[in-house]
Amino acid sequence: MRAILSVHWRSMQRRVWEAHVLVLCAIIAFLCAPTGQLWAASIVSFASAVNYSVGTTPVAIAAGDFNADGVLDLVVVNGFSNTVSVLLGNGNGTFKTHVDYATGNGPRAVAVADLNNDSKLDLVVANAGDNTVSVLLGNGNGTFKTHVDYATGNGPRAVAIGDLNRDTKADIVVVNSTDNTVSVLLGNGSGAFPTHTDTAVGTNPHAVAVRDLNNDGNPDLLVANTNTNNVSILFGNGAGTLQTAVNYAVGTGPSAVAVGDLNGDGTVDLAVANTDANNVSLLFGNGNGTVQAAINAPVGTGPDGIAIADFDRSGAPDLVTANATRNTASVLINNGRGAFPTTVTVNVGLAPAAVAVGDFNRDGWPDFAVANANSNTVSVVLNTSAPSPAPLPRPSGAVPGASPSPAPLPRSGPPIFGAPAPAPPHR
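Residues numbered from 1 in each chain as written. Predicted model: local features only at pLDDT ≥ 70, side-chain atom pairs only at ≥ 80, totals over all residues. Heavy atoms only, no water.

A.B. asks: Explanation requested: the environment of Asp310 in the structure shown.
C.D. replies: Tracing the chain through its elements places Asp310 in the loop between strand E23 (303-309) and strand E24 (318-323). For the pair Asp310 and Ile333, spaced 23 residues apart in the sequence, the C-alpha separation amounts to 8.4 Å. Here Asp310 is in contact with Gly315, Ala316, Pro317, Asp318 and Pro366, once residues within four sequence places are set aside. Side-chain polar atoms of Asp310 contact the backbone nitrogen of Gly315, separated by 2.8 Å. (Helix = DSSP H or I, 4+ residues; strand = E, 2+ residues; numbered from the N terminus. Contact = heavy atoms within 4.5 Å. Polar contact = N/O pair within 3.5 Å; in protein donor to acceptor, adjacent residues only side chain to side chain.)

A.B. asks: Looking at this model, I keep getting lost on the pairing of strand E25 (residues 328-333). Mind explaining?
C.D. replies: Every regular strand shows the same layout, with side chains that alternate between the two sheet faces. Along E25, 6 of the 6 residues are buried, which leaves the element largely enclosed by surrounding structure. Taking every second residue as pointing to the same face, both faces of E25 are buried, with Thr328, Ser330 and Leu332 on one and Ala329, Val331 and Ile333 on the other. Looking at chain direction, E24 and E25 are connected through 5 bridges and run antiparallel. Note that in E25 the partner of Leu319 across the bridge is Leu332. What sits between the antiparallel neighbours E24 and E25 is a turn of 4 residues, in which Asn327 has the positive phi angle 60 degrees. (Buried < 20%, exposed > 50% of the residue type's maximum accessible area, 1.4 Å probe, protein only. Pairing = 2+ DSSP bridges.)

A.B. asks: Help me out: how do you make sense of the sheet that holds strand E26 (residues 342-347) in this one?
C.D. replies: Paired through their backbone hydrogen bonds, the strands of a sheet run either parallel or antiparallel. One open sheet holds the 4 strands; their spatial order is E23-E24-E25-E26, and the pairing between them is antiparallel. Whereas interior strands pair on both sides, the edge strands pair on one side only; in this sheet they are E23 and E26. Averaged over neighbouring strand pairs, the angle between their axes works out to 20 degrees when direction is ignored. (Axes fitted to C-alpha atoms, helices over the stretch in contact; angles between N-to-C directions.)

A.B. asks: Can you walk me through the sheet that holds strand E18 (residues 246-249) in this structure?
C.D. replies: Spatial ordering of the open sheet is given by E15-E16-E17-E18, a layout of 4 strands whose pairing is antiparallel. Single-partner strands in this sheet number two, and they are strand E15 (205-211) and E18. Put simply, the sheet's adjacent strands are angled 20 degrees from each other on average, direction ignored. When strand E17 (residues 230-234) meets E18, the two strands line up antiparallel, connected through 4 bridges. Residue pairing across strands places Val231 opposite Tyr248, the latter belonging to E18.

A.B. asks: What exactly am I supposed to notice about the packing of aromatic side chains here?
C.D. replies: Between two aromatic rings, the relevant description is the distance of the centres plus the angle of the planes. With the rule as written, the count across this model stands at 8 aromatic pairs. On the numbers, 5.5 Å between centres and 65 degrees between planes, the contact of Phe46 with Phe368 is edge-to-face. Of the two residues, Phe46 is situated in the loop between strand E1 (37-38) and strand E2 (50-53) and Phe368 in strand E28 (residues 367-372); the sequence distance between them amounts to 322 residues. Across the pair, Phe368 and Phe46 agree in class, each one buried. (Phe/Tyr/Trp six-rings, centres within 6.5 Å; stacked < 30°, edge-to-face > 60°.)

A.B. asks: Would you explain unusual backbone geometry in this entry?
C.D. replies: For Ala68, which is not a glycine, the phi torsion comes out positive at approximately 55 degrees. As for its placement among the helices and strands, Ala68 is situated in the loop between strand E3 (58-64) and strand E4 (73-78). A positive phi angle is found at Asn117, which is not glycine, with a value near 60 degrees.

A.B. asks: Just checking my understanding: could you explain the side chain of Thr328 for this structure?
C.D. replies: With respect to the helices, strands and loops of the structure, Thr328 is situated in strand E25. Accessibility expressed as a relative area gives 5% for Thr328, which makes it buried. Residues in contact with Thr328, not counting those within four places in the same chain, are Thr321, Ala322, Asn323, Thr345, Val346, Asn347, Val348 and Pro352.

A.B. asks: Help me out: how do you make sense of the nonpolar core in this one?
C.D. replies: General note: in soluble globular proteins, nonpolar side chains tend to be found buried as a group. Grouped together as the largest cluster of nonpolar side chains are 20 residues, with contacts concentrated most on Phe66, Val75, Val84 and Leu123. Elements represented by at least two residues in this core include exactly E3, E4, strand E5 (83-87), strand E7 (107-113) and strand E8 (122-127). The residues touching Leu123, leaving out its near neighbours within four places in the chain, are Phe66, Val75, Val84, Ala111, Val112, Leu115, Ser134, Val135, Leu136 and Phe144. (Core = buried A, V, L, I, M, F, W, Y, C linked by side-chain atoms within 4.5 Å.)

A.B. asks: Sorry if this is basic, but what is going on with the environment of Gly260 here?
C.D. replies: Relative to the helices and strands, Gly260 is located in strand E19 (residues 254-260). On a C-alpha basis, the gap between Gly260 and Ala307 in space is 9.8 Å, while along the polypeptide they are 47 residues apart.

A.B. asks: Would you explain the pairing of strand E21 (residues 279-283) in this entry?
C.D. replies: For E21, a buried count of 5 out of 5 residues is recorded, marking the element as mostly surrounded by other parts of the structure. Burial along E21 is two-sided: Asn279, Ser281 and Leu283 facing one way and Val280 and Leu282 facing the other are all buried. In terms of strand pairing, strand E20 (residues 269-274) meets E21 through 5 bridges, oriented antiparallel. Bridging across to E21, Val272 finds its partner in Ser281.

Here's what the structure looks like:
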């Protein structure tokens, strides 16, 4: 009997010890979660694409609230029509028939921002055919004034907007694929950009983004160079001038860039769509403007556009690419640590060239829209993901330095200095 009791007692001790281990593991997992809140994973899904006609050969797209009704609208660049198409949103994920506005010759990219400080969104279009940017000032009701053109370098292919000299006035940044430079056009606050200053980058630049990469308060530039298979980082001096480019290797044929905190460490990371490699290069930032070596994640064939949004509302930003060769969009779901193990593929139109994100039906979930160069359409794809349960609060101070969850996706368009649309596929 004593032996039996001894065995029973040891068995009880083992079960208690195992229970303690399980509780300890759960506590460790809770404290080490990558974001400021813990969410159950959503089931990510999307409705079938709905297509809207636009001009001829749409190669770039951006979203903004052009008529100030609290609903996102779309603007599409039509490369062969020398126009932009504006599609006003209805607020339920559908869009009105497009209205077209003339641009310069051979438009290739568009950016959205308030250029003249009147609280109305304006457009900037990069025109590869005549080495200009077209500025179309908004009237605030969804219509735009006649374009005014300003000179750039040779072969402008992508455009972005930021306050490079920190005078609270919007400036324009353009990458020029023919002379391998980036042009900075400083704004005077009235929507005019009379002169440009050029700085060398890599060969055949096709995309640009503006962001403070080294946390000094000055906007910096990130440029994707298609023929040299690298990205150039140019630090801003805060006066509208740029330092010499520092280059980092990526995949083959980089054609579009996006920036965001992908691994939740509070620093800016880079995502680059590589058209010829059929993947996305992830370059995690060190917080001082330098980045780590690229890690590549596979996507569909021929990715030409890329954007960032939290599609599953987990607090970790996800990616979406427009895959020109496969006629699909790839949504890459972030696991919260900067890895993307889950991919959702959505069929869109022919030769999708660029992608924009936004909450088009105002349900709190990010959607996306794709410009289809060969079908002269825009595909609007609504997010139908299942809602997540309420988040569990993290104990205060559990992980020193952990970044908070990103703010909800805005519904009323970009901030004063809007993000650039991805570059087109035509080289």
